[in-house]
Amino acid sequence: MKRILTLSFAVLCLLLSAVLLASCGPTKGPSEHEHVWDEGKVIKEGTCDPATKAETKGEKLYTCTICGETKTEETDGHVWDDGQPLSQPTCSAEGQTIYFCTRCRKGKTEPIPKSDTHVYRAGDKGRIVTPPTADKPGELEKICTACGKGIVVDEVTIGDYNRQVRTLRNEINQFTNADFNANSVVRTRQEMISLSGRTFNMPPTTPTAQHPRVLFNASNREAIAAELYDSRSKAAQLEFLKYVNNPTTGKLSPAGTRDDGFHNFDADVLNRIQALALDYQLTGNEISGYSAVRAMLNYLKTMDFQTITGDYERQNGFVMYTAACVYDWCHDLMNDADRQRMVAGVQHKCCEGKTNPQGTDRMEIGFPPSGQHSIAGHGCEYQLLRDYLSFAIAIYDEYPGWWEYIAGRIYQEFVPTRNEYYKAGMYPQGVSVYIRIRFTSDLFSAWLLKAATGRMPYDEEGMKQVARTYYCYELPDKEGFASGDNGAPVDDFIVGGRATMISSYLFNDATMRAQLEYFGQSYSSFTTAFTFSASVTEYLICSSGGTKAASDRHEDLPLIQYNGGWLGQIIARNSWNADQATVLMKIGERTMANHDHADAGSFQIYYKTTLAGDTGSYDTYDAAGNKFPHFKYYHQ
Ligand SMILES: [Zn+2]
Ligand SMILES: [Zn+2]
Ligand SMILES: [Zn+2]
Ligand SMILES: [Zn+2]
């Protein structure tokens, strides 16, 4: 038995050694092992000619140290130096090294692979994108200007963060009820009705029981945060970071003489406050959130609009609308006293009372907003459809009477009138000037009600058509057919572009997004022309819906545009090119007065220039008498 085992073992050893030996044996193919090449032998010197810089390659012979197989390889004729960096690699581009031949001075470059070195704006302090918790430090991010990515550059320690939050919270606690006359605040619908002497139906719906719900809700948050890094939103990103990285205190300097009165209105500060409140929603950074609350209360406390020429419900309303965003977006950072002070500040300083020597109401529509009308006039502007409405949505949980009264009026009076307008797919107050104030106001109410209740209040197809129609008024050289009280000449067809922006967002309209990116000034400059231009916050929300610009800004716009309903109008053209021939024919079954004109049965013709046009530029409005040509010649 022992012998058999020994024999077997010997056979096994033989077999094994045969296998092992075969691994580099001359009888096996070269593929059986990885060749190990020696250091090689020069069989032909490479060289170059200093006169012509022409290269003659050399040759080197290599032998495998295991099996003896050989191969030859070309060698450089030039003698390269160690090289100098020509450009450094970044996160988004390769660098380059330049080499010179020490014999003939010929040069060559070679790429340096991309590095992980990011580039930041000078003075960028970074933005807290993740606040710290008890067991995890937070993240401070800077956005790389080369690759556009957000890069975590530092930790945020809980101690430092909490200190800043506590300081802000303490500052907010210093406000008193007396600062805002906060002991008297309207809370119920009944109070609204007895103050105004007017009743409206209860609205058919209520805001959802959650915050945020002004302009967006929790389901939009991620997309808004992502839009900040989109390459099309670079201008918005810069503006937003500027606001967030340098929080405003909201304290206004004392009122003084301005071009338009004696006041201290500041649109820029309001845009900054709105951006801070949005940042809190996007990151949970309480430094931004409490900064927004502090700034809004400071603004309300220090605002002093003694006289503002023109329609100063626009300034007062813009303050109220910004307060709506802060109240809603920072709702969980505020206690009952903070909220009551903010509501009181808005009620007493933006809504009630009179400010200028003529004794005009702060809000022309009144407080409660029972004045003016739903067809034309300032009643159709931001004051109700954006400012009162947004504030009513924000404070609904604690002060439900505002929603019940304000939304009640909108659903009862404004929704039916607008659905009548939209049967024509057009708005009746002219194209350039009043689209950007009044149709934008309609769009705000649609946007606000959709985000707050989940349902669009208006006929969507008809409302979507309005923006598409006004681009059919466009003529070559950024002009347009006159319509109602257009400021003439029209040098930039739709100034500001905010109506187009909101419309492309609400109706997911790629053609309107393309028009916005072609025309819209607010899209890249974010001016403080607050009645015309979008704020950076509005831009980011409206761009977060995923609508990309169509490649052609006239995509699926018809050459013959028909608008029925009360308007009865055709705009027919043979092309969108500079040599187009275009006519506008208007039956005009109804006129809505105000900035609409009595121009039923009119026509306009354009070919290379205006061959038959419509006049009626808005100089002085004279609703009461007929002293001025505007009223005399265009309205009757
Ligand atoms: Zn070998
Ligand atoms: Zn050379
Ligand atoms: Zn980078
Ligand atoms: Zn007019």
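Everything numeric in this text was worked out from a predicted model, so none of it was measured.

Chemist: Sorry, what's going on with the side chain of Gln 561 here?
Modeler: In this structure, Gln 561 sits in strand β17 (residues 560-563). For Gln 561, the side chain forms a polar contact with the side chain of Asn 563, separated by 3.5 Å. In this structure Gln 561 touches Gln 465, Thr 469, Cys 472, Gln 569, Ile 570 and Ile 571, once residues within four positions along its chain are discounted.

Chemist: Before we go on, may I ask you to explain the environment of Ala 344 in this structure?
Modeler: Tracing the backbone through its elements, the reader meets Ala 344 in helix α10 (residues 336-351). Spatially, the C-alpha atoms of Ala 344 and Asn 183 are 8.0 Å apart, while their sequence positions differ by 161 residues. Sequence-distant contacts of Ala 344, that is, excluding residues within four places in its chain, are made with Phe 180, Asn 181, Ala 182, Val 185 and Lys 349.

Chemist: Looking at this structure, I do not really get the packing of helix α15 (residues 498-506) against helix α18 (residues 536-543). What am I missing?
Modeler: Each pair of packed helices can be described by the angle between their axes along with the distance between the axes. One can describe the packing of α15 onto α18 by two numbers: an axis separation of 8 Å at closest approach and a directional angle of 30°. Relative to α18, the element α15 lies roughly parallel. Judged by the sense of rotation from one axis to the other, the crossing of α15 with α18 is left-handed. On α18, the residues that touch Arg 498, Met 501, Ile 502 and Tyr 505 of α15 are Glu 538, Tyr 539, Ile 541 and Cys 542.

Chemist: Before we go on, may I ask you to explain the packing of aromatic side chains in this structure?
Modeler: In this description, an aromatic ring pair is defined by two values, namely the gap between the centres and the angle between the planes. In the structure shown here, the tally under the stated rule is 21 aromatic pairs. Relative to Phe 180, the ring of Phe 175 has its centre 5.8 Å away and its plane inclined at 55°; by these criteria the two rings are tilted. The exposure classification of Phe 175 matches that of Phe 180, with both residues buried. An aromatic cluster of at least three residues, connected via ring pairs, comprises Phe 265, Phe 305, Phe 318, Tyr 321, Tyr 382, Phe 444, Trp 447 and Tyr 505.

Chemist: I'm lost on the pairing of strand β19 (residues 581-586) in this one. Help?
Modeler: Walk down a regular strand and you will see the side chains alternate between the two sheet faces. Residues Thr 582, Leu 584 and Lys 586 line the buried face of β19, whereas the alternating positions Ala 581, Val 583 and Met 585 sit on a face that is not buried. Of the pairings in the sheet, the one linking strand β18 (residues 569-573) to β19 comprises five bridges and is antiparallel in character. Note that in β19 the partner of Arg 573 across the bridge is Thr 582. Summarising the sheet, β19 and strand β20 (residues 603-607) pair through five bridges and their orientation is antiparallel. In the sheet register, Leu 584 faces β20, and the bridge partner there is Gln 604.

Chemist: I tried to follow the coordination of the zinc ion (ligand 3) on my own but got confused; where do I start?
Modeler: For a metal bound by four donors in tetrahedral geometry, the ideal donor-metal-donor angle is 109.5 degrees, whereas six donors in octahedral geometry ideally sit at 90 or 180 degrees. In this structure, Cys 91 (SG), His 118 (ND1), Cys 144 (SG) and Cys 147 (SG) serve as the protein donors to the zinc ion (ligand 3), at separations of 2.0 to 2.2 Å. Classification of the site at the zinc ion (ligand 3) as tetrahedral follows from its four donor atoms and the range of 105 to 114° in their angles at the metal. Linear spacing of the donor residues for the zinc ion (ligand 3) on their chain is C-x26-H-x25-C-x2-C.

Chemist: I tried to follow the confidence of the model for the protein on my own but got confused; where do I start?
Modeler: Low pLDDT marks regions whose predicted coordinates should not be analysed in detail. Across the protein, pLDDT averages 90, with 89% of residues at or above 70. Within the model, the stretch residues 10-28 combines pLDDT values under 50 with four contacts to residues more than four positions away or in other chains.

Chemist: I'm lost on the sheet that holds strand β13 (residues 261-263) in this one. Help?
Modeler: Strand order in the open sheet formed by three strands is β12-β13-β14, with antiparallel pairing between adjacent strands. In this open sheet, the two edge strands, each paired with only one partner strand, are β12 (256-258) and β14 (307-308).

Chemist: Can you walk me through helix α8 (residues 286-302) in this structure?
Modeler: For an α-helix the count is 3.6 residues per turn, leaving residues at separations of three or four pointing the same way. With 17 residues, α8 should reach 24 Å at 1.5 Å per residue; the first-to-last C-alpha distance of 24 Å fits that figure. Its side-chain oxygen 3.0 Å from the backbone nitrogen of Ile 287, Asn 285 forms the N-cap of α8.

Chemist: What am I meant to see in the environment of Gln 306 here?
Modeler: Relative to the elements of secondary structure, Gln 306 occurs in the loop between α8 and β14. Note: C-alpha distance between Gln 306 and Gly 261 (45 residues apart in sequence) is 7.7 Å. Among the polar contacts listed, one links the side chain of Gln 306 to the side chain of Asp 304, at a separation of 3.0 Å.

Chemist: Explanation requested: helix α13 (residues 432-453) in the structure shown.
Modeler: For α13, which comprises 22 residues, the first-to-last C-alpha distance of 31 Å matches the rise-based estimate of 32 Å (1.5 Å per residue) to within 8%. The sharpest bend along α13 comes to roughly 30°, located at Thr 440. With respect to burial, α13 is a largely interior element, 21 of its 22 residues being buried. Immediately beyond the C-terminal end of α13, within one or two residues, lies Gly 454, with a positive phi of roughly 85°.

Chemist: Would you mind showing me how to read the packing of helix α11 (residues 382-394) against helix α12 (residues 400-422) here?
Modeler: Remark: α11 packs on α12, axes separated minimally by 9 Å, with the N-to-C direction vectors making an angle of 145°. Considering the relative orientation of α11 and α12, their crossing is left-handed. Taken together, the residues of α12 that come into contact with α11 (itself represented by Leu 384, Leu 385, Tyr 388, Leu 389, Phe 391, Ala 392 and Ile 393) are Trp 402, Trp 403, Ile 406, Ile 410, Phe 414 and Arg 418. Here the contact of α11 with α12 is built from residues that sort into twelve nonpolar, no polar and one charged.

Calculation criteria
- Residues numbered from 1 in each chain as written.
- Chains lettered and ligands numbered in written order.
- Predicted model: local features only at pLDDT ≥ 70, side-chain atom pairs only at ≥ 80, totals over all residues.
- Heavy atoms only, no water.
- Helix = DSSP H or I, 4+ residues; strand = E, 2+ residues; numbered from the N terminus.
- Polar contact = N/O pair within 3.5 Å; in protein donor to acceptor, adjacent residues only side chain to side chain.
- Contact = heavy atoms within 4.5 Å.
- Axes fitted to C-alpha atoms, helices over the stretch in contact; angles between N-to-C directions.
- Parallel < 35°, antiparallel > 145°, perpendicular 65-115°, else oblique.
- Left-handed = near helix turned anticlockwise from the far one by under 90°.
- Phe/Tyr/Trp six-rings, centres within 6.5 Å; stacked < 30°, edge-to-face > 60°.
- Buried < 20%, exposed > 50% of the residue type's maximum accessible area, 1.4 Å probe, protein only.
- Pairing = 2+ DSSP bridges.
- Donors = N, O, S within 2.8 Å, 3.2 Å for Na, K, Ca; no water.
- Tetrahedral: all angles 85-135°; square planar, octahedral: opposite > 155°, others 65-115°.
- pLDDT = per-residue confidence, 0-100.
- Expected span 1.5 Å × (residues − 1).
- Bend = angle between axes of the 7 residues up to and from the residue.
- Nonpolar A, V, L, I, M, F, W, Y, C, P; charged D, E, K, R; others polar.

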